[in-house]
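# Structural overview
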Amino acid sequence: MPHIDDHDDPQSHTQSHSQSHSQSDTQAAAVTPRIQDWHAHVYFDASSRDAAWDLRQVIEARLGDVVALGRFHEKPVGPHPQWSYQIAFDDGQFRRVFEWLVMHHGALDIFVHPNTGHALSDHRDRAVWIGRSYPLNLGIFG
Ligand code: ZN
């Protein structure tokens, strides 16, 4: 639990601190983009194809109300070096979907990334992996 000091009256500090803080706070807000939604890409290949399809069926049954499933690509597409399918979900569902995937992905690897409108950064700098990680084909983002 973060400690909150109830005895420190914020009003008494407003005058002295507001000047120095306002500039940096404004800059930080300007350079940190907002997360619009999330993608989880389930990776597989010929040998794990059936496991990937089975997982997809379970995802549809258990998370179908909060996720949108993409096509089942039996070839590498976009920046993804493996065969894959996409699971899209809102930021407000992150905890439910991520926790479920962490507990149920089995031997499959899953690449998770936010969408902020900055595709290169989202795939390169903000990547989260469940299982093993892979180098992505980032060249497609220019
Ligand atoms: Zn994606």
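Quick note: structure is the one above.
Residues numbered from 1 in each chain as written. Predicted model: local features only at pLDDT ≥ 70, side-chain atom pairs only at ≥ 80, totals over all residues. Heavy atoms only, no water.

### Let's talk about the coordination of the zinc ion
As a reminder of what qualifies: Donor selection uses N, O and S atoms within 2.8 Å of the metal (3.2 Å for Na, K and Ca). Since no water is included, sites may look incomplete. Under the scheme applied here, a residue whose accessible area is under 20% of the maximum for its type counts as buried, over 50% as exposed, and between as partly exposed, the area being computed with a 1.4 Å probe on protein chains only.
Those donors, H39 (ND1), H41 (NE2) and H113 (NE2), are the protein atoms that reach the zinc ion, and they lie 2.0 to 2.3 Å from it. Read from N- to C-terminus, the donor residues coordinating the zinc ion fall into the pattern H-x1-H-x71-H. Like H41, H39 is buried.

### Describing the environment of V112
Worth spelling out the cut-off: Here a strand is any run of E in DSSP of at least two residues, a helix any run of H or I of at least four, and the numbering for each starts at the N terminus. The contact criterion used is simple: two residues touch if any of their non-hydrogen atoms lie within 4.5 Å.
By the secondary structure assignment, V112 is in strand β5 (residues 109-115). Residue V112 is classed as buried on the basis of its relative accessible area of 1%. Taking the C-alpha atoms as reference points, V112 and A88, 24 residues apart in sequence, are found 9.8 Å from one another. For V112, the residues in contact, after removing those within four places along its chain, are W38, H39, A40, F94, F98, R126, A127, V128 and I130.

### Description of the pattern of salt bridges
Counted only if it meets this: Every case where a carboxyl oxygen of Asp or Glu lies within 4 Å of a side-chain nitrogen of Lys or Arg is listed as a salt bridge.
Counted according to the given criterion, the structure contains seven salt bridges. Two residues, D125 and R124, come together in a salt bridge whose shortest N-O distance is 2.8 Å. The partly exposed category is assigned to D125, whose relative accessible area is 49%. In the salt-bridge network here, residues are joined through shared partners; they are R49, D50 and E74.

### Quick look at the pairing of strand β4 (residues 83-90)
For clarity, the threshold we go by: At least two DSSP bridges between two strands are required for those strands to pair.
Examined bridge by bridge, strand β1 (residues 37-44) and β4 share eight bridges and lie antiparallel to one another. In the strand pairing of β4, F44 is matched with W83. Of the pairings in the sheet, the one linking strand β2 (residues 67-69) to β4 comprises three bridges and is antiparallel in character. Counterpart to V67 in the pairing with β4 is F89. Judged from the two bridges that link them, strand β3 (residues 73-76) and β4 form a sheet pairing that is antiparallel. Considered in β4, the bridge of H73 is made with S84.

### So, the pairing of β5
Judged by how many residues are buried, β5 sits mostly within the fold: seven of seven residues are covered. Where burial is concerned, the two faces of β5 agree: the one with D109, F111, H113 and N115 and the one with I110, V112 and P114 are both buried. Note that β1 and β5 share seven bridges and pair antiparallel. Of the residues in β5, the one forming a bridge with D37 is N115. Sheet analysis places β5 next to strand β6 (residues 128-130), joined by three bridges and oriented antiparallel. Among the inter-strand pairings, V112 is bridged to a residue of β6, identified as V128.

### Focus: the nonpolar core
What counts is decided by this rule: The criterion is simple. A nonpolar core is a set of buried Ala, Val, Leu, Ile, Met, Phe, Trp, Tyr and Cys residues joined through side-chain atoms within 4.5 Å.
Counting 21 residues, the largest nonpolar core has I59, V67, Y85, I87 and L101 as the members making the most contacts within it. Setting aside residues up to four positions removed in sequence, Y85 forms contacts with A40, H41, V42, F44, A52, L55, R56, I59, L69, G70, R71 and F72.

That's the geometry; what it means functionally is another story.
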